Amino acid sequence: MKEWGYSILKGRQIDFENNDFSISRFVELHEPSFSWCIGCGSCTATCSAAKFTDFNPRKVNLLIQRGEIKGIEDEIAKCMLCGKCQLVCPRGINTRNVVQNIKRAISKSYAL
Ligand code: SF4
Ligand code: SF4
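Only a predicted model underlies this, so the values are computations on that prediction, with no experimental measurement involved. All residue numbers refer to positions counted from 1 along the written sequence of the respective chain. Starting at A for chains and at 1 for ligands, labels are handed out in the order in which the entities are written. Reporting of local features is limited, given that this is a predicted model, to residues whose pLDDT is at least 70; pairs of side-chain atoms are given and counted only at 80 or more, and all residues count toward the totals for whole chains, interfaces and linings.

1. A short note on the nonpolar core
For clarity, the cut-off: For the purposes of this analysis, a nonpolar core is taken to be any set of buried Ala, Val, Leu, Ile, Met, Phe, Trp, Tyr and Cys residues that are connected through C-beta atoms within 7 Å. To sort residues by exposure, count the other C-beta atoms lying within 10 Å of each residue's C-beta; 20 or more gives buried, 12 or fewer gives exposed, and values between give partly exposed, all with C-beta atoms placed from the backbone. In this text, helices come from DSSP runs of H or I with a minimum length of four residues, and strands from runs of E with a minimum of two, each type numbered from the N-terminal end. It is the C-beta atoms, placed from the backbone, that decide contacts: two residues are in contact if theirs lie within 7 Å.
Membership of the largest hydrophobic core comes to 20 residues, with the highest contact counts inside it found for I23, V27, I64, V98 and I102. Sorting the residues of this core by element identifies α1 (22–30), α4 (57–65) and α7 (95–107) as the ones contributing at least two each. When residues in this core are grouped by element, the largest group, four residues, is from α7. Ignoring any residue separated from it by four or fewer positions in sequence, one finds I64 in contact with I23, S24, V27, I69, I72 and I102.

Spelled out as structure tokens, the structure:
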């Protein structure tokens, strides 16, 4: 087949039948502000860990809300819990507590 140097993008539909929303449910239960995120990216722009790694807290939040949690444990481990993201979040989300609850959800094997 001819290689054109680009490919068709993977579909981004949310698969409600097969995606795993257990972390999202757990975090929303213990830190309801998690659901206020508008994906602005201010947290990523100011994130201490993002300066040294490829960590992206906006992306992590989005993937968890979409139920796409593969590899999330390794990603969230990069957070230093410094709290800078919380200072700049325009929605007033307690982002530090969101991270802590994501870690709690993972350590409980996603149980509610
Ligand atoms: S700064 Fe707040 S609203 Fe913006 S992406 Fe981060 S968590 Fe979401
Ligand atoms: S608490 Fe975590 S996500 Fe927020 S700025 Fe610090 S390292 Fe980044």
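2. Observations regarding the site of ligand 2
Let me state the cut-off plainly: Defining nearness, a residue is near a molecule or strand when the C-beta atom obtained from its backbone falls within 6 Å of it. Any residue that is not Ala, Val, Leu, Ile, Met, Phe, Trp, Tyr, Cys, Pro, Asp, Glu, Lys or Arg is counted as polar, Gly included; the first ten are nonpolar and the last four charged.
Taken together, 15 residues lie near ligand 2, and C47, A49, C79, C82 and C85 sit nearest. Here the shell around ligand 2 gets three residues from one element, more than from any other, and that element is α7. For the shell around ligand 2, a count of residues per class yields ten nonpolar, three polar and two charged.

3. Side note on the site of ligand 1
What surrounds ligand 1 is a group of 14 residues, the closest being C37, C40, S42, C43 and C89. Residue assignment for the shell around ligand 1 shows that the elements contributing at least two residues are α2 (42–46) and α4. Grouping the amino acids of the shell around ligand 1 by side-chain chemistry returns seven nonpolar, five polar and two charged.

4. Observations concerning α1
Just so we agree on the cut-off: Working definition: the arc comes from the directions between the helix axis and the C-beta atoms, pointing outward to the latter.
Along α1, the residues classified as buried are I23, S24, F26 and V27. Mapping the buried residues of α1 onto a view down its axis gives an arc of 165°, with all of them on the same face. As for α1, its buried residues are in contact with α4, α5 (72–76) and α7.

5. Section: the environment of K10
Considering the arrangement of structural elements, one finds K10 in the segment before α1. Given 6 C-beta atoms within a 10 Å radius, K10 is considered exposed. In the structure, K10 is positioned 63 residues away from E73 in sequence and 23 Å away in space, judged by C-alpha atoms.

6. Some details on α7
Our working rule: The span you would expect from a helix comes to 1.5 Å times its residue count less one.
Across its 13 residues, α7 extends 18 Å between first and last C-alpha, which sits within 8% of the 18 Å expected from 1.5 Å per residue. If you follow the buried residues of α7, they end up packed against α1, α2, α4, α5 and α6 (84–88).

Limitation: the analysis is restricted to geometry and does not speak to function.
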